[in-house]
Amino acid sequence: MCHYCTSALRHLGYHVTATTSSLAALDYLRQQPFDLVLTDIKMPQLSGLDLTRHAREIDPILAIVIMSGQTSLEMLREAVSNGITSYLSKPFEVEELRLTVTQVLHQRTMMRDKLRLETVVHQLRLSSAFNYTLSLPEMCAEILRVVQEEISGRWAYFLLNVDDAAPRLLFGHPDQPPLDTAGWQLLQQTALKQLPSRTRIQLGAELCDGVCLPLSVGGQNIGSVLFNHTQPLTPARAESLTLLMKHAAAALNNARLFTQVQEANSRLQELDRLKSEFIAITSHELRTPLAIVLGYAMLLHDQADPPAREYLRRMLESGHRLNAIIDDMTNLRQVELRQTHLTIEEVDLADLMQECVTNVQSLADGKRQTLNLKYDASALCRVHLDRDKIALVLTSLLSNAIKFTPIGGDVTLQAWCEHVETVPYAHGDQAIALNPGAWAFISVQDTGIGIPPGQQRRIFERFYQVADSLTRENGGTGLGLALVQGLVTVHNGHVWVTSQEGMGSTFTVALPQNVPQSLMS
Ligand code: ADP
């Protein structure tokens, strides 16, 4: 029978491993995967029915076909209860064998697909639990809880690359024993080589079975995890665990990124708090002593004869510069505390621009720069705004333009009014979120050094300067644009910059023509 079936099946194109020992057959099954077992019922050592039972334990969806000459109903019932897939009554023709084999293998394929689908659904159900939190410790505990159901592991150790610092070790359970050197090295090697491994491992007082798996997302290595387990890790369980860890790695990666963002954010918040505190203390504590110094310096200046008079003039000049910085700080602090008081009035834009140009004319003359004022008087609108505050904004933008433009360059102040119809408002290569309605635009354009693209948003941050503070030539505090943005924002306006390095910059301020009543306190 063995020779007959082997040669018939090989002839049909199947790979066949034949043996007349049912114990040897069991060994084969343990060593490598098979699709089908074809066995006689009556066999020496182990009967075909016993072989069926054992084979089922090894592979629950293995196709098993029993061959027998005399089949009682009783025997058939036992065969079915032992888990046979089909039955061949001896003697049989090759065609009968072919039909039965084809049919049971087809059944097996279908069962395997069904099983895969069930596994995927099971995995999804399990891994959906990973998504309920973004906290790394909570997620590690959740992963351990899910894995406990699968392999009865009590403890889990996660080695995760959370940031650029050394990898972090996280526990699945707060009370689990610490990891010894061997366990730590295993985690590190698994994370490094990205290969799973099984081991016996000392955890506290117990020597446990352990499995260590790599954690990676889209080819990016994010660490490794070590579980202990008391259930044997069958190939099916190992496969399920590997799959589960793929979902776990994706969830951990999200939590890891979230943690990184949170940590970076709290560092930034702390930095921001320190800046605010610095501004508050400096503006408050310097104002009074400086006022006293300036007061006496003025008194002495008026009474002094040369050359002391000249020294005192320079002292006063520096004192006024210092005062201007303190003013910027105080204004900025008020904007941040939303305590800026606006005195809204109807303003003639042409008038306002002329005033600002006059304010900075001497600066431009000092650098032999041309200051241009451009507007179409007939198309210019009247705007409701706080004249002093917007004058401060434009003067600050003009001073910057002059400061960052080489000798002989051009600075142009331009204004126009426009009814914005579509959102966002397209200006050059920028898309600005202006509400539809009537807006006044004022731009300050220069032919200066320009601003690198990556820094064009950052220059509006407090204290931010493009050049390294130690090497920069132009001085300044880095507060001007933060104040400009703050003052424009309290008018419900927007300010933005377009710039090309080496070619120049254009700062544009958009102000609603009618500031809402709420601001007219
Ligand atoms: P400050 O001028 O006191 O340094 P600002 O807040 O006014 O502070 O400006 C911040 C930075 O933005 C400046 O240090 C400079 O690097 C850059 N910047 C501002 N205006 C211009 C400009 N017109 N051209 C080139 N760079 C500019």
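The structure under discussion appears in the preceding block.
Please read all numbers here as calculations on a predicted model, not as lab measurements. (Residues numbered from 1 in each chain as written. Predicted model: local features only at pLDDT ≥ 70, side-chain atom pairs only at ≥ 80, totals over all residues. Heavy atoms only, no water.)

Describe the pattern of salt bridges, naming the residues involved and giving the relevant values.
In the structure shown here, the tally under the stated rule is 27 salt bridges. The salt bridge involving Glu-142 is made with Arg-145; its shortest N-O contact spans 2.6 Å. Within this pair, Glu-142 and its partner Arg-145 are both found in helix H6 (residues 136–151), separated by three residues, close to a single helical turn. When its relative accessible area of 38% is taken as the criterion, Arg-145 is described as partly exposed. Among the ionic contacts, a cluster of salt bridges with common partners joins Asp-35, Asp-59, Arg-108 and Arg-112. (Salt bridge = Lys/Arg side-chain N within 4 Å of Asp/Glu carboxyl O. Helix = DSSP H or I, 4+ residues; strand = E, 2+ residues; numbered from the N terminus. Buried < 20%, exposed > 50% of the residue type's maximum accessible area, 1.4 Å probe, protein only.)

Pulling in residues and values, what's your account of the environment of Ile-143?
Looking at where Ile-143 falls in the secondary structure, it is placed in helix H6. As a C-alpha pair, Ile-143 and Met-245 span 102 residues in sequence and 8.6 Å in three-dimensional space. If sequence neighbours within four positions are ignored, Ile-143 has contacts with Phe-130, Phe-158, Phe-227, Met-245, Ala-248 and Leu-252. (Contact = heavy atoms within 4.5 Å.)

Got a sec to walk through the site of the ligand? Specific residues and values, please.
Taken together, 20 residues form the shell around the ligand, and within it Asn-400, Asp-446, Gln-465, Thr-477 and Leu-481 come nearest. At 2.5 Å from an oxygen atom of the ligand is found a side-chain nitrogen or oxygen belonging to Gln-465. The separation between an oxygen atom of the ligand and a polar main-chain atom of Gly-478 is 3.0 Å. Alone, the ligand offers 530 Å² of accessible surface; in the complex the protein occludes 96% of this. The site holding the ligand turns out to be the largest pocket. (Near = heavy atom within 4 Å. Polar contact = N/O pair within 3.5 Å; in protein donor to acceptor, adjacent residues only side chain to side chain. Areas by Shrake-Rupley, 256 points an atom, 1.4 Å probe, with all protein chains shown as cover. 1 Å grid on protein atoms, 1.4 Å probe; cavity = no way out; pocket = protein on both sides within 12 Å on 5 of 7 lines; lining within 4 Å. Sits in = over half its atoms within 2 Å of the grid points.)

Please give an account of the layout of surface pockets that cites residues and values.
The space that makes up the largest pocket amounts to roughly 1300 Å³. As for the largest pocket, its lining consists of 43 residues, of which Ser-396, Ser-399, Asn-400, Lys-403 and Gly-476 are closest to the centre. For the lining of the largest pocket, the elements supplying multiple residues, two or more each, are helix H9 (308–336), helix H11 (387–403), helix H12 (480–490) and strand E17 (504–512). The biggest single contributor to the lining of the largest pocket is H11, with nine residues. Looking at side-chain class alone, the lining of the largest pocket contains 21 nonpolar, 14 polar and eight charged residues. The computed volume of the second largest pocket comes to approximately 1000 Å³. Every residue lining the second largest pocket is counted, 29 residues in all, and those nearest its centre are Leu-115, Pro-235, Ala-236, Arg-237 and Glu-239. Elements represented by at least two residues in the lining of the second largest pocket include exactly helix H2 (22–31), helix H3 (48–58), helix H5 (94–128), H6 and helix H8 (235–303). The element contributing the most residues to the lining of the second largest pocket is H5, with eight residues. (Points joined across faces, edges and corners; volume = space filled by probe spheres on them. Nonpolar A, V, L, I, M, F, W, Y, C, P; charged D, E, K, R; others polar.)

Give me the side chain of His-229: which residues, what numbers.
Along the chain, the position of His-229 falls in strand E8 (residues 220–229). With residues near it in sequence (within four places) discarded, His-229 still touches Ile-151, Ser-152, Gly-153, Asp-209, Gly-210 and Val-211.

Can you lay out H12 for me, pointing to particular residues and giving the numbers?
Those residues of H12 not exposed but buried are Leu-481, Ala-482, Leu-483, Val-484, Gly-486, Leu-487 and Val-488. The secondary structure elements touched by the buried residues of H12 are H9, H11, strand E16 (494–500) and E17. Looking one or two residues beyond H12, the residue adopting positive phi is Asn-492, at roughly 65°.

Describe in detail the sheet that holds E17, supporting the description with residues and values.
The strand order across the open sheet formed by five strands is E10-E12-E15-E17-E16, and the pairing between neighbours is mixed. The sheet is open, and its two borders are formed by strand E10 (370–374) and E16, each paired with just one other strand. The sheet shows a mean angle of 15° between the axes of neighbouring strands, direction not considered. Sheet topology note: the strand E12 (residues 410–420)/strand E15 (residues 437–446) ladder contains 10 bridges and is antiparallel. Note that in E15 the partner of Thr-412 across the bridge is Gln-445. Along the sheet, H11 makes contact with E10, E12, E15 and E17, crossing E15 at roughly 30°. (Pairing = 2+ DSSP bridges. Axes fitted to C-alpha atoms, helices over the stretch in contact; angles between N-to-C directions.)

Which residues make up H9, and what values go with them?
The terminal C-alpha atoms of H9, which comprises 29 residues, lie 42 Å apart, in line with the 42 Å expected from a rise of 1.5 Å per residue. Those residues of H9 that fall on the buried side of the exposure criterion are Leu-312, Leu-316, Gly-319, Ile-326, Met-329, Leu-332 and Val-335. As for H9, its buried residues are in contact with H8 and H12. Following H9 by one or two positions, Arg-338 adopts a phi angle in the positive range, close to 55°. (Expected span 1.5 Å × (residues − 1).)

Now, about the nonpolar core: what can you tell me, with residues and values included?
One recurring pattern in soluble globular proteins is that nonpolar side chains are buried together. Grouped together as the largest cluster of nonpolar side chains are 49 residues, with contacts concentrated most on Leu-349, Val-393, Leu-397, Leu-398, Ile-442, Ile-459 and Phe-507. In this structure Leu-349 touches Leu-380, Cys-381, Val-383, Ala-415, Cys-417, Ala-440 and Ile-442, once residues within four positions along its chain are discounted. Counting residues in each nonpolar core, the second largest holds 32 residues, with Cys-140, Leu-160, Ala-248 and Leu-252 among its members. (Core = buried A, V, L, I, M, F, W, Y, C linked by side-chain atoms within 4.5 Å.)

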